[in-house]
Amino acid sequence: MSASVLFDVPGPKARVRNLIYSVVGTLAVLGLVGWVCYRLYNKGQFEGELWDIFNYAGIRENILDALLSTLKVFALAGVFSLVFAVVLCVARLSDHKPVRWVAVVFIDLFRSIPLLITIFALWVGILGEMTPMWALVLGLTIYNGCVQAEVLRAGVNAVPKGQVEAAYALGLRKTQVTASVLFPQAVRSMLPSIISQLVVTLKDTSLGFMILYPELLYSARLIANNTPVGGVYPTVQTVIVFGAIYIALCLALAWLAKFVEQRGRRSKAGIVPAEAKEPKEVAAAGGTDLTPVPDAKDGNLKD
Amino acid sequence: MKFHKTAAAAAAVLALAATAACGGKEGSAGDKPKDQTDEKALPKYSVAKDVKVDSAVLKKAQKRGKIVIGAKADQPYLGFQDQSTKKYSGFDIEIAKMIAADLGFSPKQIEWKTVDSGARETTVSKGDVDLMIGTYTINDERKKQIDFAGPYFHAGASLLVRKEEKAVTGPDTVKGKKVCSIVGSTPLQTIKEPKYGAKVTELSKYSECVSQLLDGQVDAVTTDDAILMGYAAQNPGKLKVVGKPFSDEPYGVGLKKGDKALQKAVADAIKKHEDNGDYKKAYDATLGKSGSKFKTPPEITEK
Amino acid sequence: MNVLLDNLALFREGFLGTLWLTIVSALLAVVLGLVIAGFRVSPVPPLRIFGTLWVNVLRNTPLTLLFLVAFFVVPKVLFPGINSFVLAVCACGFYTSSFVAEAVRSGINTVPMGQAEAARAIGMTFTQTMRIVVLPQATRTVVPPLSSIFIALTKNTAIAGAFDNVDLFNVSKTLSNDGYDIAVIFIWITLGYLVITYAINGLFRLLENRLEVAR
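What you see is a predicted model, and the numbers here were worked out from it, not measured in a lab. (Residues numbered from 1 in each chain as written. Chains lettered and ligands numbered in written order. Predicted model: local features only at pLDDT ≥ 70, side-chain atom pairs only at ≥ 80, totals over all residues.)

J.: Help me out: how do you make sense of the sheet that holds strand 11 (residues 220-224) of chain B in this one?
T.: Each strand in a sheet pairs with its neighbour through backbone hydrogen bonds, running either in the same direction (parallel) or in the opposite one (antiparallel). All names here are of chain B. Read from one edge of the open sheet, five strands run 10-9-11-8-12, paired in mixed fashion. Two strands in the sheet have a free side with no partner beyond their single neighbour: strand 10 (199-203) and strand 12 (239-242). Neighbour-to-neighbour, the strand axes of this sheet turn through a mean angle of 35 degrees, independent of strand direction. Pairing of strand 9 (residues 178-182) with strand 11, which is carried by two bridges, proceeds in the parallel orientation. Residue pairing in the sheet places V179 in a bridge with A220 of strand 11. Sitting on the sheet, helix 8 (residues 225-234) touches strand 8 (157-162), strand 11 and strand 12, and the angle it makes with strand 12 is about 155 degrees. (Pairing = 2+ DSSP bridges. Helix = DSSP H or I, 4+ residues; strand = E, 2+ residues; numbered from the N terminus. Axes fitted to C-alpha atoms, helices over the stretch in contact; angles between N-to-C directions. Contact = placed C-beta atoms within 7 Å.)

This is how it looks when you write it as structure tokens:
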């Protein structure tokens, strides 16, 4: 426990005080939850009929379809953004100044523009005709590709210099060095961060509602607005159900990040995977989205 | 490990969501739209054969064997999609079926697409939909971007308020009141003018405005009377429509700019069904149910 | 060029809208984030659990969903009649607070263990250790990630544009509806965001340098 070093093993007095705090804290938290529940109850939000809509096969299929469309976009955008990130990262580390320069400008620019605006502009047709799905996939690819490229770059930079020198000394060409020495290690060490950014990609698919792509949130809004029960719109219920789905998806992915991180830690070979959080270079360059950290490490304070 | 527990819970929720999709109650969830459409009274439209119109859009549609029609999904009695059966119903939907029949497409060959108000011009001009039939007011601003056929119906902007509302009785009494409408709608621009002086709340769906009205977040919702009557009928005893219409909203069918042949074919189709009585039958079976009085269809000007 | 000149007032309003939303939400996020981070390292278990839940739930929910909660659930169930700016600030601020809390917590964790131990050895209480020894040192490590958190916040405020708030995104939608060329609008809007994000970047660079001197 990270906190344990910040305070002493409590003595009798402190134990009493902590107990009081605990009780007050519990009461406060429970009170808050209870109050919200009471208000929900008071407004009739716990009525069985309002929740009954999720018992209908039609509504369930509707949700499943939406879930599949969300996952489809996520899968496409995830794969494309990683491929794009590799390309951008190679360009960013190129020996040719113009190529490097173009990559820097591109990455900086698209990380500073809200993804919503990129998607909207793509959909309206800034690059020619595009269906909502592809506009969403492309928008997510560009934005997340830029962020992932910076993550990869941080990974490449973390590979010890000696390895590159050794590879050159063996007579490998630059392509070979990049492909067989730098990238495998960069990907391995940055895998947790990469997966965390994938969680962001997953959450951002919800921006598709703006361009009429029928993903989870889009269908949530339609269900909430079109299925009144006794004149009450089931907004609360839909938000809870869809919120749970999103949180479950994201936690599952975050868990994967954690799992990979631990696997990496256990094995002795190669360099240790970094903690799943923004590398400093990325943060300093500005304009990255936040990678949800799957429970940050306890760092120096760890016992 | 705590995190594993969370992850396990997440996996459980996901599994639940997946299994939940199979089975469940049949039929439509929520309030039964019992009075929304009179299925038996709906006219049958004879599907034309071998339609030859010199239109690029139509030829493409014939090639793919489906016509893509943009519609609203959240306007009871006009364009409404039941979220559990995924079926569309309403007056606009009937108009769409009439036109599609004359263009050689049976109702089964119509691919419906839900299009929000703010996105209509873009979807039509991009070609995401072949026809846009969804309470679409013909005006000069829009005519710069797309073409219309019609009008097939004449609506006027009005106000929807809570049943107990006394202060708002018409457009002249909304000064300083919060009025909700959606981005890109015509009544919104009107009610903003200093003459009326309302405080405007902009959302992206009318149904969300209605939800906010029921919650007391706004004092009134403004848009075309036909739409408002639908919501009032959907929430009997809670909402009412007040005031005389304060603008002209002729509804047309939105088409890609420059496709004169299709425009003429659509206009002819509307005229034919207005003359043979299908129009009135369809009206009585759908929009008429909300309490809107039948009006003789307006002269077709866009053809 | 015409798009900008014809609609200068609208652009100005949108820019100020985005700016305000960013500043106010950032303040809210920092205050809440500090409190939640404090909860997460405190000796009181229920508060620790609350802090963990807060961070995990908010961080794994799409912001758009939080906006739906703020606009359609909060007025319906808890407090009717709040204006949309406050609701938008709450959605953005709460969401960002979870990221701030995590940044602060990892900042606390980077303070060498000996420091806390020493503070403990001379008899400081938890509050004193935090206030006098740990937090001032943690600040230095927290500043760089905070800058990227606020830049992300700036971009996230765009979602408020779809929920009854006049901001740059809202302006872009209105103008695109009016039939202006989207490419041109896009350039101007982007410029607006770049101004804000680069200002934040610069501001934090300055702050970093100041703290560096103070060492």
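J.: How should I be thinking about the pairing of strand 9 of chain B in this particular structure?
T.: On a regular strand, each side chain points to the face opposite its neighbour's, so the side chains alternate between the two faces of the sheet. Residue and element names in this part refer to chain B. Where burial is concerned, most of strand 9 is hidden: five out of the five residues are buried. Neither face of strand 9 is exposed, since K178, C180 and I182 on one face and V179 and S181 on the opposite face are all buried. Where strand 9 meets strand 10, five bridges bridge the pair, whose relative direction is parallel. Bridged to V179 within strand 10 is V200. (Buried ≥ 20, exposed ≤ 12 C-beta atoms within 10 Å, placed from the backbone.)

J.: Explain the UniProt feature "transmembrane region" (unreviewed entry) in chain C here, please?
T.: Residues and elements named next belong to chain C. Under the present numbering, the feature "transmembrane region" (unreviewed entry) in UniProt falls on residues 20-41, 53-73, 85-104 and 182-200. Segment residues 20-41 splits into 100% helix and 0% strand. End C-alpha atoms: 32 Å apart. A distance of 27 Å separates the end C-alpha atoms of residues 182-200, which is 100% helix and 0% strand. (UniProt positions renumbered as here; feature names shortened; annotations may be inferred.)

J.: Looking at this model, I keep getting lost on the nonpolar core. Mind explaining?
T.: Counting 231 residues, the largest nonpolar core has L116(A), I119(A), A96(B), I99(B), L160(B), V266(B) and A91(C) as its most contacted members. Broken down by element, this core gets its largest block of residues, 15 residues, from helix 10 (residues 235-266) of chain A. Residues within four places of A91(C) in sequence aside, it is in contact with L63(C), L66(C), F67(C) and A70(C). (Core = buried A, V, L, I, M, F, W, Y, C linked by C-beta atoms within 7 Å.)

J.: Any chance you could explain the packing of helix 4 (residues 63-78) of chain C against helix 5 (residues 84-110) of chain C here in plain terms?
T.: When two helices pack together, their arrangement is given by the angle between their axes and by how far apart the axes lie. All names here are of chain C. Relative orientation of the contacting elements helix 4 and helix 5 amounts to 140 degrees, with a least axis distance of 9 Å. By the angle class used here, helix 4 and helix 5 are oblique. At the point where helix 4 passes helix 5, the crossing takes the right-handed sense. Contacts from L63, L66, F67, A70, F71 and V74 in helix 4 reach L87, C90, A91, F94 and Y95 in helix 5. Here the residues of the contact of helix 4 with helix 5 are counted per class, giving 11 nonpolar, no polar and no charged. (Parallel < 35°, antiparallel > 145°, perpendicular 65-115°, else oblique. Left-handed = near helix turned anticlockwise from the far one by under 90°. Nonpolar A, V, L, I, M, F, W, Y, C, P; charged D, E, K, R; others polar.)

J.: Honestly, helix 9 (residues 216-226) of chain A in this entry has me stumped. Any pointers?
T.: Each α-helix winds once per 3.6 residues, and so residues spaced three or four apart point in a common direction. Counted residue by residue, helix 9 of chain A has 11 buried out of 11 residues, so it is predominantly covered. Here helix 9 of chain A has its buried residues at L216(A), L217(A), Y218(A), S219(A), A220(A), R221(A), L222(A), I223(A), A224(A), N225(A) and N226(A).

J.: Would you explain the pairing of strand 12 of chain B in this entry?
T.: Residue and element names in this part refer to chain B. Residues of strand 12 alternate between two faces, with L239 and V241 buried on one and K240 and V242 left unburied on the opposite face. Sheet analysis places strand 8 next to strand 12, joined by four bridges and oriented antiparallel. Paired with L160 across the two strands is V241, which belongs to strand 12.

J.: How should the UniProt feature "transmembrane region" (unreviewed entry) in chain A be read in this particular structure?
T.: Taking the numbering used here, the UniProt-annotated feature "transmembrane region" (unreviewed entry) corresponds to residues 20-41, 73-94, 101-126 and 236-257 of chain A. In residues 73-94 of chain A, the share of helix is 91% and the share of strand is 0%. The end C-alpha atoms are 31 Å apart.

J.: Just to check I follow, could you spell out the environment of L228(B) for this structure?
T.: Residue and element names in this part refer to chain B. By the element assignment, L228 lies in helix 8. On the basis of neighbour count, L228 is assigned to the buried category, with 28 C-beta atoms found within 10 Å. Along the chain, L228 and G118 lie 110 residues apart, while their C-alpha atoms are 18 Å from each other. Not counting the four nearest positions on each side in its chain, L228 is found in contact with S158, L160, V221, T223 and V241.

J.: Hey, could you run me through the sheet that holds strand 4 (residues 88-89) of chain B in this one?
T.: Reading across the sheet, the three strands line up as 2-3-4 (chain B) and stay open at both edges, with antiparallel pairing between neighbours. Only two strands of the sheet have a single neighbouring strand rather than two, namely strand 2 (74-75) and strand 4 of chain B.

J.: Which parts of the structure should I look at to understand the packing of helix 2 (residues 8-41) of chain C against helix 3 (residues 45-59) of chain C?
T.: Residue and element names in this part refer to chain C. Between helix 2 and helix 3, whose axes approach to 7 Å, the crossing angle comes to 130 degrees. If you check the angle between helix 2 and helix 3, you find them oblique. Here the hand of the crossing between helix 2 and helix 3 comes out left-handed. Contact residues: helix 2 offers I36, F39 and R40, while helix 3 offers L47, R48, F50, G51, T52, W54 and V55. Classifying every residue of the contact of helix 2 with helix 3 by side-chain character gives six nonpolar, two polar and two charged.

J.: Would you take a moment to explain helix 7 (residues 126-156) of chain C for this structure?
T.: Here helix 7 of chain C is 31 residues long, yet its end C-alpha atoms lie only 36 Å apart, well below the 45 Å a rise of 1.5 Å per residue gives. In the structure, helix 7 of chain C departs most strongly from a straight axis at V134(C), where the bend amounts to approximately 50 degrees and where the proline P136(C) lies between one and four residues downstream. (Expected span 1.5 Å × (residues − 1). Bend = angle between axes of the 7 residues up to and from the residue.)

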